[in-house]
Structures are given as C-alpha cells and as structure tokens.
Amino acid sequence: MRAIHLFLLLMLSATTQAQNVLSLDQAVNTALKNNFDILVARNDADIARINNTRGNSGMLPTVNLNGSGEYSLNNINQKSSSGTITKYSSQSSTTLGANAQLSWTLYDGGKMFVTKNKLNEIQALGELQFQTKVLETMYNVIAAYYDIVRQKQQLVSINEAIRYNKERVIIAETGFNAGTLVKTDLLQAKIDLNVEKEKAISQQYIISEAIKALNNLLGQDPSVSFEVSNSIPLNYTPNKEELLDKLNSSNSNILSFKKQIDIARLALKENQKGYSPTFKLNGGYYLSNTSNSEGSSLRNRVFGPQIGGTLSIPLFNGGETKRKISVARKELESAEYDLENIKLQVNTELLNTLTDFESQQQLLQIEKDNNQLAKENIEISIERLRLGQTTSLEVHQAQESYVQSSTRLINFEYNLKIAETRLKQLMSTL
C-alpha cells in the first residue's frame, strides 16, 4: 500500500516539473535567514550585546570640550570710597571661553563592577531568548513542512479512491448493460465517484493553503510554489531517562529563567550599593579671554589646568534606596517562582509528549496492519462485484473503510513526527 502511495505521489510530482523540490533543511535555513520573528529576536540580542560596555556600566570617564562667547554693551558709573568717579558710556565687553572637562567616578562602592556583570548576564539572556525563538521557528517550519507532505499523501489516497470508483462505474455499467445489475448500483457508483472528485478539488485547496502557511514562516511571497519530499521519515527513538535527566540543563526556557534569577540577584546587589559613598575625579584645561573697549582693565586672559575631586556620602534620599532594594528583593523572589513554575511546566510537557509519542507509535503500528487488511478487503470486494457475487453497497463500505484507514495512517505518521519534533525542541536539539 505504501509503495502505491509513493508511486502515485511521484506521478503527481511529475506534472509539476517546473517546480523545485524544497528539502526540509532548505526550508529551515531559509526561515533562519528570512523569518521576521527571528530577525527581531536577533536585533534584541544584538541590542543587549551593544549595551554591554564598560562605559555603560560607569567604569570609564567622560570628557567634554566646551566653548562659550559673550558680547555686552554697558554704561558704567562708579564712585570709589576715595570719592573718585568713573564713568564710561557704551563700554563694549567681549568674553570668550573654552575648556576641556574630565569627570571620572573612581569609587562607588563597587557598583560599576556589579553593573558590568549584570550587563554580561543580560547579553547572555538575550542569546538564550534568541535561541528559544530559533527553536520555536524551527518547530513551526517542520510542522508546516510535513503538514504539506501529509496533505499531499491524503490527495494520493483520494486519487486512489477515485481509481477504485472508476472501476466500480465500469463494472456497474457492464452489469447494467448485461442486465445483471440494477441501475441504482450504477447511479450510486457514479455518485461516489463524483464525491471523491470533489474531495480531490477540496484537498488541492488545502494543499495550497498549507504551502502559503509555510511561505509565511519562510518570510517569502505566499505565491511562491514548490514541491516537498514525498514521505515523513520516522527513525527517532527517545531515551526517557536521559531526556528527564538532561531537561533542566538543556531546555532553553529553563536556562533563560535561571539567567533572569542571576540578573535579579545582581540588580539587588546593585541597589544595595546605593548606600556607598562615591568619589569623582574632576579635571580639565580652561581658557578665558575678556576684552573691554575702555576702562582700567582692557584685557584679561586666564588659562591653565585644574584638577579636583568630589566626595559624596549619601545620608538621606527620602528612602529611595531602601525602596529600590525592597523592590529588587521582590523581583528576585518572583524570578525564583517563575523558574520553579517553568520547570514544572516543561517537565510536565516532556512527560506528556513522551506519552503521546509512545501512543502514536502504537497506533501507527496497528493502523499499518489495519490498512493492509482494508486494502485486501477493497480489492476482494471489487473482484466479487466484477463476478456478480456482492452488492455495490458492500464495495462502497469496503472503500470507505480503506480511505478512512489511509487517512488515519497518514495522520498517525504526522502526529508521531510532531511529537518527535516537540521532544527535540524541549531538549534544544533541533
């Protein structure tokens, strides 16, 4: 039966020679390059990497070059203690200044080093979240790819049913013309044939929709047409004990929540440094030049280096540091709860998926045997109809049984592949 499926699928593919066969690896690689969710996740990870600098953590000094200029026109009337009176009418004054200033925090209780470590962890979290998005996209691509394979195999089964119905129509026409079958048998055979043709048309639409869904994941135009492989490979055997043992150290979601705990701890430590004094080194080179149009001082020029320091000891800031520490402790506590919750969810999902995998394996094996029986039954029924030893109703029932078995077989194969893919996604091994 599977050989016939393969033959018919190859014949169907021959009608679309202009189309390229898209392998699963090619589909995944295309998605990794073009999928918009992945591109956004990559940008988010890059932002975390770009932000991870010594300057952003406060370790490096800031240097500014400043310039200023001022022009004023003044009327001056001065009287000194000796009684001397000085008057200037419309005295102009020009002041130009420039300076290079340096400010460098040399000590803040070690907060800058804590901040740098936090930035390291945020960057690592960004890479883990990017990995999670990649795994999610790969899972979706694999599911969409093999859904197309499944739908095409379903079309093969429908075409096979059409072939059986055509045989029924020929037998019914021959029997009716010979007077051995009533016309109702011929009419029912034609009705069943038309129903299967309608199913084939509907199945073609389903296939086109599945191709569009995959194109969307690949980040390409939905009108792009392609062929896919003609089978679903099933060669995976999970080791339950090994999966359970490695889950907590492999699952990208669990690792991400662990990293969030590390970040929350560093954020708490960072806020605790708010009680520490800070010392800043200030320095620079200053130049100022003032020119007056008249008066006792016509020009005043000042220039030279300056250096100094600022020590700041926090005494009271309205309880802001205490508030920030309290919030950081709660955020750390929530991060720990989130980790335990995701562990429970992922472990439960792993056990459920393992159970589903085993169930689909058993169902697939049973249905393979059942499909062979249904195949033999329909062929015997067709032959009995040709010999006039059975009714059209019996053949119709045998045919329906075979088509339903083929559908179940295809779905069990697909479900088994999805369970396999989900297990690999949980273990970050896709």
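Residue numbers here run from 1 along each chain, matching the order of that chain's written sequence. Local features in this predicted model are restricted to residues of pLDDT 70 or higher, and side-chain atom pairs are both shown and tallied only at a pLDDT of 80 or more, whereas totals for entire chains, interfaces and linings draw on every residue. Neither water nor hydrogens contribute to the side-chain values; these are computed over all heavy atoms in the structure.

Novice: Before we go on, may I ask you to explain the domain arrangement of the protein chain in this structure?
Specialist: In many reports, interface size means the accessible area that the parts give up when they come together. Residue ranges assigned to the domains are those given by an automatic or database domain assignment. Segmentation of the protein chain into domains returns domain 1 (41–58 + 108–277 + 320–427) and domain 2 (64–75 + 88–106 + 278–312). Contacts between domain 1 and domain 2 engage four residues on the former and six residues on the latter. By buried area we mean the combined loss of accessible area, with a 1.4 Å probe, across both parts when two parts are placed together. Across the domain 1/domain 2 interface, buried area totals approximately 340 Å², and carbon plus sulfur atoms make up 64% of it. Sorting the residues of domain 1 by area buried against domain 2 places Asp108, Met112 and Pro277 first, and these three jointly supply 85% of that buried surface. Salt bridges are defined by distance alone: a side-chain nitrogen of Lys or Arg within 4 Å of a carboxyl oxygen of Asp or Glu. Linking domain 1 to domain 2 there are zero salt bridges. Any two residues whose heavy atoms approach within 4.5 Å are treated as being in contact.

Novice: Looking at this structure, I do not really get helix α9 (residues 392–426). What am I missing?
Specialist: Because the α-helix completes a turn every 3.6 residues, residues three or four places apart line up on one side. Put simply, DSSP H or I for four residues or longer makes a helix, DSSP E for two residues or longer makes a strand, and each gets a number counted from the N terminus. Expected span of a helix, by definition, is 1.5 Å for each gap between consecutive residues, and there is one gap fewer than residues. A rise of 1.5 Å per residue sets the reference length of α9, with its 35 residues, at 51 Å; its end C-alpha atoms lie 51 Å apart and thus fit the reference within 8%. At the exit of α9 stands Ser428, carrying a positive phi of roughly 60°.

Novice: How should I be thinking about the confidence of the model for the protein chain in this particular structure?
Specialist: Low-pLDDT portions of the prediction should not be read for the details of their coordinates. Confidence in the prediction of the protein chain, expressed as mean pLDDT, is 89, and 92% of residues score 70 or more. Per-residue pLDDT stays below 50 along residues 1–18; that stretch engages in 26 contacts with residues further than four places along the chain or on separate chains. pLDDT gives the predictor's per-residue confidence on a scale running from 0 to 100.

Novice: Sorry if this is basic, but what is going on with the environment of Lys133 here?
Specialist: Within the secondary structure, Lys133 sits in helix α4 (residues 111–178). In this structure the C-alpha to C-alpha distance between Lys133 and Gln306, which are 173 residues apart in sequence, comes to 53 Å. Not counting residues up to four positions away in its chain, the partners in contact with Lys133 are Asp37, Ile38 and Ala41.

Novice: Please explain the packing of helix α7 (residues 252–272) against helix α8 (residues 320–386) as it appears in this structure.
Specialist: The axes of two packed helices give the description: the angle between them and the distance between them. Viewed as axis vectors pointing N to C, α7 and α8 meet at an angle of 170°, and their least axial separation amounts to 9 Å. What the angle tells us is that α7 and α8 run roughly antiparallel. All residues other than Ala, Val, Leu, Ile, Met, Phe, Trp, Tyr, Cys, Pro, Asp, Glu, Lys and Arg, Gly among them, are scored as polar; the first ten of these are nonpolar and the last four charged. Per-class residue counts for the contact of α7 with α8 are 13 nonpolar, five polar and eight charged. Convention adopted: a line fitted to C-alpha atoms gives each axis, helices being fitted over their contacting stretch, and angles between N-to-C directions are expressed from 0 to 180 degrees. Angles are sorted into four bins: roughly parallel if under 35 degrees, roughly antiparallel if over 145, roughly perpendicular if 65 to 115, and oblique for all others.

Novice: Whenever I open this one, the side chain of Thr321 confuses me. Can you help?
Specialist: Its place among the elements puts Thr321 in helix α8. Any N or O atom pair separated by 3.5 Å or less is treated as a polar contact, with the protein-specific requirement of one donor-capable and one acceptor-capable atom, and with residues adjacent in sequence counted only for side-chain atom pairs. Engagement of the side chain of Thr321 in a polar contact is seen with the side chain of Asn317, the distance being 2.9 Å. Apart from the residues lying within four places of it in its own chain, the contact partners of Thr321 are Asn271, Gly274 and Tyr275.

Novice: Can you walk me through the packing of aromatic side chains in this structure?
Specialist: Here a ring pair, both rings aromatic, is described through the centre-centre distance and the interplanar angle of the planes. Only centres within 6.5 Å qualify two rings of Phe, Tyr or Trp (six-membered ring in Trp) as a pair; their planes then separate them into stacked at under 30 degrees, edge-to-face at over 60, and tilted for everything else. Taken as a whole, this structure holds three aromatic pairs when the rule is applied. The interplanar angle of 90° and the centroid separation of 5.4 Å between the aromatic rings of Tyr145 and Tyr146 together place this pair among those described as edge-to-face. In terms of burial, Tyr145 and Tyr146 fall into one category: buried. Measuring from ring centre to ring centre gives 6.0 Å for Tyr164 and Tyr402, while their planes differ by 85°; the resulting arrangement is edge-to-face. Of this pair, Tyr164 sits in helix α4 while Tyr402 sits in helix α9, placing them 238 residues apart in sequence. Taking the relative accessible area as the measure of exposure, Tyr164 reaches 3% and is therefore buried. Whether a charge sits over a ring depends on NZ of Lys or CZ of Arg being within 6 Å of the ring centre and within 35 degrees of the ring normal. Lying across the ring of Phe130, Arg42 places its NZ or CZ 4.3 Å from the centre. Across the ring face of Tyr139, the terminal group of Arg422 is positioned such that the distance to the ring centre comes to 6.0 Å. A 1.4 Å probe rolled over the protein chains alone gives each residue an accessible area, and that area as a share of the maximum for its type sets the label: buried under 20%, exposed over 50%, partly exposed in between.

Novice: How should I be thinking about the pattern of salt bridges in this particular structure?
Specialist: Proximity of charged atoms lets side chains of opposite charge pair with each other. This model, assessed by the stated rule, comprises 27 salt bridges. Ionic pairing is found between Asp46 and Arg42, a salt bridge with its closest N-O pair at 3.3 Å. In this pair, Asp46 and Arg42 are both assigned in helix α3 (residues 36–51), four residues apart and thus about one turn of the helix distant. Here Asp46 falls in the partly exposed class, since its relative accessible area comes to 21%. Using a relative accessible area of 25% as the deciding quantity, one classes Arg42 as partly exposed. Salt-bridge contacts for Arg163 lead to Glu160; the nearest nitrogen and oxygen are separated by 3.9 Å. Here the residue Arg163 and the residue Glu160 both occupy positions in helix α4, the gap between them amounting to three residues, near one helical turn. Residue classification places Arg163 among the partly exposed residues on the basis of a relative accessible area of 35%.

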